[in-house]
Amino acid sequence: MKIRDLLKEKRTISCEFFPPREADGIPNVLRVIDRVKAYQPDFASVTYGAGGSTRAFTEEITMYIKRETDLEVMAHLTCVAQTREEIQSVLERLDQNGIENIIALRGDPPQGQTDFVPVAGGFEHATSLIKHIRQNFQFGVAGACYPEGHVESRDLIQDIEYAKRKVDQGVDFLVTQLFYDNDHFYAFLDRAAKAGINVPVLPGVLPILSTAQIRRFTGLCGATIPPELDRQLDQYADDDNAVRELGIEYATKQVRELWDSGVPGVHFYVLNRSYSVSKILDNLGIEGHTAGT
Ligand code: FAD
């Protein structure tokens, strides 16, 4: 089913997983997916790696979800280090295997590089990939957006203009980068509405697992940590269990507020750990998204 049709029927809960580096990590990812499945998310997605074998694992896990579970699935696809022909082959394989939804991304510059340089004959921006998919396939297509602005954007005005181009090229919905202050998300929605963005925007929520990890992630993607949360992360910097519980409590509050504000759904960055998302969904008690209901 196309996720755009699901979004017309209901407010969705979705969960994002990532492929392991090595093949022997796949069973673990599948176990996490099976545990999260008990909470009946409306769809799951699998990120696309920077290169090499993890890309094959992305396809393998995406197809596992499609084949072996009753979850809808969304494949991630980026423009990094691939020609149009290579991307076309990936799209054809996904299509032949019954995948109906794709989130089309540019991807980050490879490690050690600051600028994104497309390969010769490759796509330069997510919008060109979105356009290609729309012109050649029937997939439902999503795109990424950035409540605090993408790290490479000059300012929030330019950032929203580029997000609007994704909508003009036909994305069905947008999914945000992680954020820890809902006001950034609400301000993004205001800017988006003014820019004529009229598709659903799913907030992306990352339950914090450790102080070092979240500092690294936010440092890389340019998201900010509110001062009070930052202080607590400092306080428990050496105690991952305490930070994980803090992360559950924080995300529960964050998602409850977002849900009450009427968001069309919530997308969880699961980071291949089922514990936090399970606890958060237990705490929220959202109808149809509690284990065993
Ligand atoms: P783009 O929309 O192309 O934007 C990249 C930059 O270029 C922005 O600064 C934008 O403002 C600017 N820009 C856009 N269009 C133009 C234009 N026409 N002219 C000039 N500038 C332009 N990364 C992965 O590697 N794998 C994944 O699976 C993955 N999944 C993600 C899922 C979500 C929900 C999100 C939010 C991010 C994900 N990422 C993933 C990270 C993403 O690849 C990076 O944030 C990347 O730097 C930008 O991707 P994009 O699709 O937003 O790119």
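Residues numbered from 1 in each chain as written. Predicted model: local features only at pLDDT ≥ 70, side-chain atom pairs only at ≥ 80, totals over all residues. Heavy atoms only, no water.

(A) Region of the structure containing the nonpolar core. Within the largest apolar cluster, 68 residues are counted, with the highest numbers of intra-cluster contacts made by I65, I133 and F268. Top element by residues in this core is helix α2 (residues 26-37). It accounts for 6 residues. Setting aside anything within four residues of it in sequence, one finds I65 in contact with I33, A44, V46, L71, E72 and V73. Formed by 27 residues, the second largest nonpolar core is a distinct cluster that contains L7, L105, I225 and L271. (Core = buried A, V, L, I, M, F, W, Y, C linked by side-chain atoms within 4.5 Å. Buried < 20%, exposed > 50% of the residue type's maximum accessible area, 1.4 Å probe, protein only. Helix = DSSP H or I, 4+ residues; strand = E, 2+ residues; numbered from the N terminus. Contact = heavy atoms within 4.5 Å.)

(B) Geometry of the site of the ligand. Around the ligand, the structure places 23 residues, and the nearest of them are Y48, D108, Y146, H150 and K166. Here an oxygen atom of the ligand and a backbone polar atom of Y48 are 2.8 Å apart. In this structure, R165 approaches the ligand through a side-chain N or O atom, which is 3.2 Å from a nitrogen atom. Calculation on the ligand without its partners gives an accessible area of 970 Å², and the protein chains cover 86% of this total. Breaking the shell around the ligand down by element, the ones donating at least two residues are β3 (72-78), β4 (101-105), α6 (156-168) and β6 (173-178). (Near = heavy atom within 4 Å. Polar contact = N/O pair within 3.5 Å; in protein donor to acceptor, adjacent residues only side chain to side chain. Areas by Shrake-Rupley, 256 points an atom, 1.4 Å probe, with all protein chains shown as cover.)

(C) Focus on unusual backbone geometry. Even without being glycine, Q40 reaches a positive phi, approximately 50°. Considering the arrangement of structural elements, one finds Q40 in the loop between α2 and β2 (43-46). Within the chain, N272 stands out as a residue other than glycine whose phi angle is a positive 55°. Here N272 is to be found in the loop between β8 (265-269) and α11 (274-284). The exposure class assigned to N272 is buried, which follows from its relative accessible area of 9%.

(D) Representation of helix α4 (residues 84-96) in the model. The end-to-end C-alpha distance of α4, which contains 13 residues, comes to 18 Å, matching closely the 18 Å that a straight helix rising 1.5 Å per residue would cover. Listed in full, the buried residues belonging to α4 are I87, V90, L91 and L94. Looking straight down α4, one finds that the buried residues subtend no more than 95° of arc, so they occupy a single side. Exposed residues lying more than 90 degrees from the buried face of α4 are E85 and Q96. Those residues of α4 hidden inside the fold are in contact with α3 (53-68), β3, β4 and α5 (126-136). After α4 finishes, the residue G98 shows a positive phi value of roughly 80°. (Expected span 1.5 Å × (residues − 1). Arc of directions from axis to C-beta.)

(E) Up close: the environment of I61. Inspection of the secondary structure assignment puts I61 in helix α3. For the pair I61 and T47, spaced 14 residues apart in the sequence, the C-alpha separation amounts to 9.9 Å. The residues touching I61, leaving out its near neighbours within four places in the chain, are P19, P20, V29, L30, I33 and V46.

(F) Up close: the environment of E86. On the secondary structure map, E86 appears in helix α4. Counting along the chain gives 36 residues from E86 to G122, while the straight-line C-alpha distance between them is 9.0 Å.

(G) Region of the structure containing the packing of aromatic side chains. Inspection of the entire model under this criterion finds 5 aromatic pairs. Arranged with centres 5.3 Å apart and planes meeting at 35°, the rings of F137 and F139 form a pair that is tilted. Summarising the burial analysis for this pair, F137 and F139 share the class buried. Between F179 and F185, the aromatic rings sit 5.4 Å apart at their centres with planes inclined by 5°, giving stacked as the arrangement. A connected cluster of aromatic rings, assembled from ring pairs, spans F179, F185 and Y186. Sitting above the plane of the W259 ring, R11 keeps its charged end 4.2 Å from the centroid. Here the basic side chain of R244 rests over the ring of Y275, its NZ or CZ set 4.0 Å away from the ring centre. (Phe/Tyr/Trp six-rings, centres within 6.5 Å; stacked < 30°, edge-to-face > 60°. Lys NZ or Arg CZ within 6 Å of the ring centre and 35° of its normal.)

(H) Quick look at the environment of P203. Residue placement: P203 occurs in strand β7 (residues 201-205). What makes P203 buried here is its relative accessible area of 0%. Between the C-alpha atom of P203 and that of V263, which follows or precedes it by 60 residues, the distance is 7.7 Å. When neighbours within four sequence positions are excluded, P203 is seen to be in contact with T176, F179, F185, L258, V263, G265, V266 and H267.

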